[in-house]
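Chain by chain, the residues run as shown.
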Amino acid sequence: MFQITIAAVSVNQTPLDWKGNLERLEGVVENLAEHAAQGGKNPDIVLFPELCISGYGCEDAFHAPDTADRSMNQLQKLAEFCGREMPDTMVVAGLAVRKDGFLYNCAAVLHAKKIQAFIPKQNLAGDGVHYEPRWFKAYRSEQGEFVRVADREIPFGSMLVEHRGARICIEICEDAWVAERPAHDFIGQGLDLVLNPAASHFSFQKQTVRRHIAMESSRTLCAGFVMVNLLGNEAGRMIYDGGAIFASEGKIVLESGRFSYADTAARFGVIDIEANRVLQSRIFSYKDQRSADQDRPGIFLSGRPVESDSRPAVKRSMGFQSSGELKKEIRSSVYVHEIEDCSTGEKPPASRENEFMEAVPLGLFDYLRKSHSKGFVISLSGGADSASCALLVHLMFLHSIRQIGPRKTLERLGRADLAESLNAPQSAGGDAAQIAGTFSRNMLHTIYQGTKNSSETTRNAAHRIAEAVGSNHIETDIQPLVDGYLKEAAGFVNREIDWKADDLALQNIQARARSPMAWLFANLTGSLLLTTSNRSEAAVGHLHHPRLRVGGRDPRLANPLA
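Residues numbered from 1 in each chain as written. Predicted model: local features only at pLDDT ≥ 70, side-chain atom pairs only at ≥ 80, totals over all residues. Heavy atoms only, no water.

Trainee: Is there a simple way to explain the pattern of salt bridges in this structure?
Mentor: When their charged atoms lie close together, side chains carrying opposite charge are able to pair. Across all of its chains, the model carries 26 salt bridges by this definition. The partner of R70 in a salt bridge is D66, and the shortest N-O contact between them spans 3.0 Å. Of this pair, R70 and D66 both sit in helix 2 (residues 65–85), four residues apart, roughly one helical turn. For D100, the salt bridge is made with K99, and the minimal N-O distance between the two is 2.7 Å. Looking at D100, the relative accessible area reads 64%, which means it is exposed. (Salt bridge = Lys/Arg side-chain N within 4 Å of Asp/Glu carboxyl O. Helix = DSSP H or I, 4+ residues; strand = E, 2+ residues; numbered from the N terminus. Buried < 20%, exposed > 50% of the residue type's maximum accessible area, 1.4 Å probe, protein only.)

In structure tokens:
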């Protein structure tokens, strides 16, 4: 039996946090090595996500030569560290590499304390929130090339890497989502395994698409397929679910949990190389493709196709271990929340509502800690939108407490100062909701700002919401502020302002008069202000009333963004 053990490691990075990013990568490698020293064995391959060295969200900082230079320096340090801790393990890590005046999004292959190869991304994501063509050049050459690092020439280009007798193709995120994908070039070269390091942002039901890609990749290529994603709200723009998927023989063999609140999450899976080779020999269409593809590019590790009797530098003999030996939770200064084995299988699809309640709280958690803020402020109106924001913050505390415990939650949020005063236990025990409520009273501030037009219904609703989530709740009357604005405005237009003629303006000033107090409260408490709006409101700066009409038309109809 010929199997390959892979640790797919999602990691929560921060763009340009060179020291912290490297510490997290080295920390998980150290954890894996300690796990092996305690009776297990090192994985054959460790797969980190796309651009994990610098962080994916560097945006136009990618254009600065210093970003690529520092990335390469950190990669060399990581290669040396991995070689010491796990000398027989191949490690794949993502970074930006500058070559001939162009910048490429690459996966680096590390082994034996050295950088062994760079595989550049061939298909750049340029749709929706992605701007990769702005920063990177898509790789198109079929010739073996090199990049000089220190005094060594490192192979650069589309290639197979042979490790422990298995031939491995690396496709970076989008490469696996397109029709003309790199792995197709290697069907005729004995392809055994496809690794897909990704930075694929969260969107509803996207995980279903990933499952199909994993299963179809494994089925059509007759090879193992492993995908791992970045984790968390990296830089305030996108949220990554940190998931990993292992597929073999056309089936999902592992689908990990997502939305971890830890620094990293390592998932172990075992790919049966021999079983996939049996499929290759059985399926006629695959054999036909293999015959037709024999003239395609071969394995480039020394600037030329590797002959069948040669032994590439990254090839080593190493045993594997059963999935039962791998399931073990470990903790250290860089917190690894979970190590899962391949017995997990495919998870049932999550509903849109459940995905939303998992993704957004994680995004809030990371935004809070990475901005070094002390909490959140929400102006509760008694309506559904602001109530949802309060609930999402409460869920943020609840999810984190259940996953990593109360004290670790406070530590990660930079609020370790609260641990003693709140007498926070080490673990959530059986009362995570009560502990979350305690955290809310210290880090979630809600404010109800009434006017003479506010009803007791909305006041009571806001109070009950605050009570349910445990927030520090304040009520105030802002009618004097509204009256002051109206008095000044009446002088500008030389008439009295009333509801019959000025319905829209009066609704708007009531809503907008609440903003200064909420901002002031956020500034005084060192907190982030959470607000609700939609695209039409952002475009015109007004909270539309659903029954409001302007000139007989719903104003949202005049706004193409509504």
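Trainee: When you look at the nonpolar core in this model, what are you seeing that I'm missing?
Mentor: One broad rule of soluble globular proteins: the nonpolar side chains tend to lie buried together. Residues F48, L75, I115 and F118 are the most contacted members of the largest nonpolar core, which totals 52 residues. The residues contacting L75, other than those within four sequence positions of it, are I53, A93, L95, A108, L110, I115 and F118. Grouped together as the second largest cluster of nonpolar side chains are 42 residues, F202, M396, I435 and A436 included. (Core = buried A, V, L, I, M, F, W, Y, C linked by side-chain atoms within 4.5 Å. Contact = heavy atoms within 4.5 Å.)

Trainee: Is there a simple way to explain the sheet that holds strand 21 (residues 528–530) in this structure?
Mentor: Across a sheet, strands are paired by hydrogen bonds formed along the backbone, either parallel or antiparallel in direction. Spatially, 20-19-18-21 is the arrangement adopted by the four strands of the open sheet, whose pairing is parallel. Of all strands in the sheet, those with a lone pairing partner are strand 20 (472–477) and strand 21, marking the two edges. If you compare each strand with its neighbour and ignore which way they point, the axes differ by 25 degrees on average. Where strand 18 (residues 376–379) meets strand 19 (residues 444–450), four bridges bridge the pair, whose relative direction is parallel. Counterpart to I378 in the pairing with strand 19 is T446. Across the sheet, helix 9 (residues 384–404) is in contact with strand 18, strand 19 and strand 21; its angle to strand 18 comes to roughly 155 degrees. (Pairing = 2+ DSSP bridges. Axes fitted to C-alpha atoms, helices over the stretch in contact; angles between N-to-C directions.)

Trainee: What am I meant to see in the packing of aromatic side chains here?
Mentor: Inspection of the entire model under this criterion finds 12 aromatic pairs. With a centroid separation of 6.4 Å and 85 degrees between ring planes, the pair formed by W135 and F136 is classed as edge-to-face. Across the pair, exposure class does not vary: W135 and F136 are buried alike. An angle of 80 degrees between the planes, with centres 5.7 Å apart, marks the rings of F202 and F204 as edge-to-face. Each member of the aromatic cluster is reached from another via a ring pair, and the members are F202, F204, F259 and F356. When the ring centre of F102 is taken as reference, the NZ or CZ atom of K137 above it lies at 4.7 Å. (Phe/Tyr/Trp six-rings, centres within 6.5 Å; stacked < 30°, edge-to-face > 60°. Lys NZ or Arg CZ within 6 Å of the ring centre and 35° of its normal.)

Trainee: Would you mind showing me how to read the pairing of strand 7 (residues 152–156) here?
Mentor: Consecutive side chains of a regular strand alternate in pointing toward one face of the sheet and then the other. When strand 6 (residues 145–149) meets strand 7, the two strands line up antiparallel, connected through five bridges. Counted as the bridge partner of V149 is R152 from strand 7. In this structure, the hairpin formed by strand 6 and strand 7 is closed by a connection of two residues, where A150 is found at a positive phi of approximately 60 degrees.

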